[in-house]
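One letter stands for each residue in the lines below.
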Amino acid sequence: METLRAVKGMNDLFEDELATWRRVEEAARRTCSAFGYGEIRTPILEETALFVRGVGEETDIVTKEMYAFADGDKSVCLRPENTAGVVRAMVEHGKLPADADERVFYVGPMFRRERPQKGRYRQFHQLGAEALGFSSASVDVEMMAMIAAFLDALGVTGVKLLVNTLGDAAERGPYADALRAYFGQHEAELSEDSKRRLTTNVLRILDSKDPKDRALAQGAPRTLDHLGDASRAHFDAVTNGLARLGIPFVVEPTLVRGLDYYTRTVFEVVAEAGLGAQNTVAAGGRYDGLVQTLGGRPTPAVGFAAGIERLVLLLQDAGKAANATGPELYLIGADDDGRASAERLAYGLRRRGVRVEIDHRGRSVKAQMRGADRSAARFTMVLGSREIAGGAADLKRMAGGDVSRVALDVDALDVAMKGIA
Ligand code: ATP
Ligand code: MG
């Protein structure tokens, strides 16, 4: 029969890798909670219109990457990102009345129909956070500090934080004009996509991954030269705030990000090596207009998202992947009485959360020993009629081989294992 395969660009994940995934997710949860962010979970399926309106009609995500299909008379899609969904949920549930603020984080799968390659998949996972209702630059700084603390807790090194400002919506128009004039002079050298962007969404050219576009972008006009006083002061407050906290950063004047909703501060954390062109591990920025665009009151906001697959790749490359751990104890049954006793003790210990293995295949003592070895158990214990009659057995520490006599009782075993380093 024809074998069935996973959908292209979508990965199966197994325990050996998931140990590192969990470490990433746990570090994110701990750090976000320390910074005052509560969790939010929103549906994976949303109305397509949410992203067309939220992310922007001329973005790569909306023009070519969405998994959309008809659901009755509506078009729905698998979410390509989560900021729009979070904002929709906040507005829908009335969480953003005047002067309200909300800080939330999320972890979950996103879907984009991109060309799969290392660090780029069609189902991938993001962890991210949104702070809604704050206009102060100190919240932009706090969000970057949260990312720095998270990466630190994980032990990720060799990354740098890039920051830029896009100015506000009013400054965007004249800046776009300046970009159009500049790229217009170089139209023949642009990629086909960017020729189109010249009329549809000129800022997107700065975010292009095409080498020709990237070379031209280096000489393009800079947002920094098109800022009004308020945006300039905001950006200065961001860079000063980062410096005050001792968070290293580089101002990157051509950084724009691939989503239309950003205003003012934008930032990226990029890996200096190892991920090739997929080197952005986290990215975000301020989006003061999005809540209103999605039908809410005007509410300033800032957020970020990080790609879990890329963080895991970085940890693996740096030799920092979590090792799969073995059981605490492998109980070996030497005969029928021993097996029965092993089952009973295992049940008691497992109910306390101690990881215990037993044999289910009627194997010989020698084969069970090999099984214990292969499982990398910390302790083993052989149980047979003799031990049961005596009410005690030898608890053997696998590393070192030292042995202690322990009563065949759940409490005694638990205490003994905890007492041995
Ligand atoms: P890139 O420039 O790499 O395409 P992006 O600008 O599309 O990234 P965002 O939409 O800002 O990325 O998403 C934030 C993060 O999510 C990225 O920095 C990256 O770590 C991760 N990410 C985005 N798309 C993918 C994907 N297809 N596969 C794996 N991770 C992804
Ligand atoms: Mg992308």
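Below is a summary of the structure that appears in this document. Predicted, not measured: the structure shown is a model, and the values here were computed from it. (Residues numbered from 1 in each chain as written. Chains lettered and ligands numbered in written order. Predicted model: local features only at pLDDT ≥ 70, side-chain atom pairs only at ≥ 80, totals over all residues. Heavy atoms only, no water.)

What about the packing of helix α1 (residues 15–34) against helix α5 (residues 137–154)?
Quick note on the threshold: Helix axes use the C-alpha atoms of the stretch in contact, all axes being lines fitted to C-alpha atoms, and the angles between their N-to-C directions lie in the range 0 to 180 degrees. Secondary structure elements are taken from DSSP: a helix is a run of H or I of four residues or more, a strand is a run of E of two residues or more, and numbering for both begins at the N terminus. Between 65 and 115 degrees an angle is taken as roughly perpendicular, under 35 as roughly parallel, over 145 as roughly antiparallel, and anywhere else as oblique. The handedness criterion is simple: a crossing whose near helix is rotated anticlockwise from the far helix by less than a right angle is left-handed, and one whose near helix is rotated clockwise is right-handed. The contact rule is simple, with two residues in contact once any of their heavy atoms fall within 4.5 Å. In this classification, the charged set is Asp, Glu, Lys and Arg, the nonpolar set is Ala, Val, Leu, Ile, Met, Phe, Trp, Tyr, Cys and Pro, and all remaining amino acids, among them Gly, are polar.
Between α1 and α5, whose axes approach to 9 Å, the crossing angle comes to 140°. Considered as vectors, α1 and α5 are oriented oblique to each other. In terms of crossing hand, the pair formed by α1 and α5 is right-handed. Of α5, the residues touching α1 (which contributes Arg23, Val24, Ala27, Ala28, Thr31 and Cys32) are Met146, Ala149, Phe150 and Leu154. For the contact of α1 with α5, the residue count by class is eight nonpolar, one polar and one charged.

Observations regarding the sheet that holds strand β3 (residues 68–71)
Here is the rule: At least two DSSP bridges between two strands are required for those strands to pair.
Reading across from one edge, β2-β4-β3 is the order of the three strands in this open sheet, with antiparallel pairing throughout. Where the open sheet ends on each side, the last strands, each with one partner, are β2 (45–47) and β3. When strand polarity is set aside, the average angle formed by the axes of neighbouring strands in this sheet is 40°. Relative to strand β4 (residues 74–78), β3 runs antiparallel, the two being bridged by four bridges. Across the sheet, the residue bridging to Ala68 is Cys77, located in β4.

Regarding the nonpolar core
Worth spelling out the cut-off: To form a nonpolar core, buried Ala, Val, Leu, Ile, Met, Phe, Trp, Tyr and Cys residues must be joined to one another through side-chain atoms within 4.5 Å. Burial classes: relative accessible area under 20% of the type maximum marks a residue as buried, over 50% as exposed, and values in between as partly exposed (1.4 Å probe, protein chains only).
Judged by nonpolar contacts, the single largest core of 94 residues is most densely connected at Val24, Met143, Phe150, Phe183 and Phe304. Looking at which element gives the most residues to this core, the answer is α5, with eleven residues. Once residues lying within four places of it in the same chain are set aside, the contact partners of Phe304 are Tyr106, Leu127, Gly128, Ala129, Glu130, Met143, Met146, Ile147, Phe267, Ala282, Ala283 and Gly284.

Digging into helix α11 (residues 308–317)
The periodicity of an α-helix, 3.6 residues per turn, causes residues three or four places apart in sequence to face the same way. Among the ten residues that make up α11, eight are buried, leaving the element largely enclosed by the rest of the structure. Along α11, the residues classified as buried are Ile308, Glu309, Arg310, Leu311, Val312, Leu313, Leu314 and Leu315. Among the residues trailing α11, Gly319 stands out with phi positive, at a value near 70°.

Focus: the packing of aromatic side chains
As a reminder, the rule being used: Here is the rule: rings of Phe, Tyr and Trp (six-membered ring for Trp) pair when centre to centre is within 6.5 Å. Planes less than 30 degrees apart are stacked, more than 60 are edge-to-face, and the remainder are tilted.
Under the definition given, this model contains three aromatic pairs. Chaining the aromatic ring pairs together yields one cluster made of Tyr261, Tyr262 and Tyr287.

Details of the pattern of salt bridges
Our working definition: The term salt bridge refers to a pairing of a side-chain nitrogen on Lys or Arg with a carboxyl oxygen on Asp or Glu at a separation within 4 Å.
For the coordinates displayed, the defined rule picks out 26 salt bridges. One salt bridge in this structure joins Lys64 and Asp60, with 3.8 Å as the shortest N-O distance. Linking Lys64 with Asp60, this pair stays in helix α3 (residues 60–64), spanning four residues, or about one helical turn. Glu142 is the salt-bridge partner of Arg103, the closest N and O atoms lying 2.5 Å from each other. Taken as a pair, Arg103 in strand β5 (residues 102–111) and Glu142 in helix α5 lie far apart in primary sequence, 39 residues in all. Given a relative accessible area of 27%, Glu142 falls into the partly exposed group. One continuous salt-bridge network, built from bridges that share partners, spans Asp60, Lys64, Asp193, Arg196 and Arg197.

Re the environment of Thr263
Stated precisely, the cut-off is as follows: The term polar contact refers here to a pair of N or O atoms within 3.5 Å; inside protein, the definition further demands a hydrogen-donor-capable atom paired with an acceptor-capable atom, and it admits residues adjacent in sequence only when both atoms are side-chain atoms.
Turning to its location among the elements, Thr263 is positioned in strand β9 (residues 263–271). Residues Thr263 and Arg286, 23 residues apart in the sequence, show an inter-C-alpha distance of 5.4 Å. Setting aside anything within four residues of it in sequence, one finds Thr263 in contact with Gly167, Arg172, Arg286, Tyr287 and Asp288. One polar contact links the side chain of Thr263 to the main-chain amide nitrogen of Asp288, over a distance of 3.0 Å.

Considering the site of ligand 1
Applied cut-off: Nearness here has a simple test: a residue counts as near a molecule or strand if at least one of its heavy atoms is within 4 Å of that partner. The protein chains shown are the only cover counted for residues, whose accessible areas, like all others here, come from Shrake-Rupley with a 1.4 Å probe.
Not every one of the 17 residues close to ligand 1 is listed here, only the nearest: Arg112, Glu114, Lys209, Arg257 and Thr280. Between ligand 1 and Tyr121 there is a distance of 2.9 Å, counted from a nitrogen atom to a backbone nitrogen or oxygen. Within the complex, the protein chains bury 94% of what would otherwise be the 580 Å² of accessible surface of ligand 1. Those elements that provide at least two residues to the shell around ligand 1 are β6 (123–132), β10 (280–286) and β11 (301–307). It is β10 that contributes the most residues to the shell around ligand 1, four residues altogether.

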